[in-house]
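Below, each chain spelled out in residue letters.
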Amino acid sequence: MIIAIDGPAASGKGTLARRIADHFGLPCLDTGLLYRAVARDVLAGGFRLDDTWAVVAFARCLDPATLDDEGLRAPGVGEAASRVAGIPEVRSALLEYQRAFARRRPGAVLDGRDIGTVVCPDADAKIFVTATPEERARRRHLERQAQGEPVTYEQILDLIRNRDARDSGRDSAPMRRADDADLLDTTEMGIEAAFDAAVGLILRKTSQ
Ligand code: C5P
């Protein structure tokens, strides 16, 4: 069983994907980490993110064993990842790893921006998780405050709006809900309610 979870930054799709994977006993791939790792490697190698040749070269030799690096989840890395993710050759270099992960038995949960549309168009269940930019910014702001970061709600809202625009406005595999994906709007939901709703949608799809 392949489950595709897509959605914008801070929609809660990562937490949901991990919970869903545990529930169904499946491995989970956070595909954002691949783009984050490429950006990390480019910068660590002393290259610029607008050096397309270098970025593509790093994407082609990405070592998936380095995806558990905690540094990948730092806020600035998400921004950098979103910049390298717009390059079509970067996307194609990372595609086969994602598809091979999805093909493993007994299946997998993948979360990202283009899982239902490009990586796994034949997934058994697809969910597009969303929430208003204001609610996503509110959640992110609470997280950052708890980590002691001096960032304002307005700054986070700005970053979220810019990232949404970049991810959905690019030509190559833009973020969008697949035609056959269920929409899960978590604006008014806590994680437990969102998880229950997601499991219900998956069971409905897979028992059809
Ligand atoms: O989900 P996360 O915030 O870790 O993703 C970082 C960036 O990687 C996104 O903003 C997006 O540009 C890119 N990405 C993508 N396709 C995916 C997953 C992530 O383009 N499947």
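Coordinates for the structure precede this section.
Conventions used here
- Residues numbered from 1 in each chain as written.
- Predicted model: local features only at pLDDT ≥ 70, side-chain atom pairs only at ≥ 80, totals over all residues.
- Heavy atoms only, no water.
- Axes fitted to C-alpha atoms, helices over the stretch in contact; angles between N-to-C directions.
- Helix = DSSP H or I, 4+ residues; strand = E, 2+ residues; numbered from the N terminus.
- Parallel < 35°, antiparallel > 145°, perpendicular 65-115°, else oblique.
- Left-handed = near helix turned anticlockwise from the far one by under 90°.
- Contact = heavy atoms within 4.5 Å.
- Nonpolar A, V, L, I, M, F, W, Y, C, P; charged D, E, K, R; others polar.

Draft legend 1. Here's a closer look at the packing of helix H2 (residues 32-44) against helix H3 (residues 52-60). The contact between H2 and H3 brings their axes to 9 Å, and the two run at 120°. Taken together, the axes of H2 and H3 are oblique relative to one another. As H2 runs across H3, the sense of the crossing is right-handed. Contacts from Val38, Asp41 and Val42 of H2 reach H3 at Val55, Phe58 and Ala59.

Draft legend 2. Broad picture of the packing of helix H4 (residues 75-84) against helix H8 (residues 153-169). The contact between H4 and H8 brings their axes to 10 Å, and the two run at 20°. When the interaxial angle is binned, H4 and H8 end up roughly parallel. In the crossing of H4 with H8, the sense of the turn from one axis to the other is left-handed. Here Gly78, Glu79, Ser82 and Arg83 of H4 lie close against H8, whose contacting residues are Leu159, Arg163, Arg166 and Asp167. Of the residues in the contact of H4 with H8, the class split is one nonpolar, two polar and five charged.

So yeah, pure geometry; function would need other evidence.
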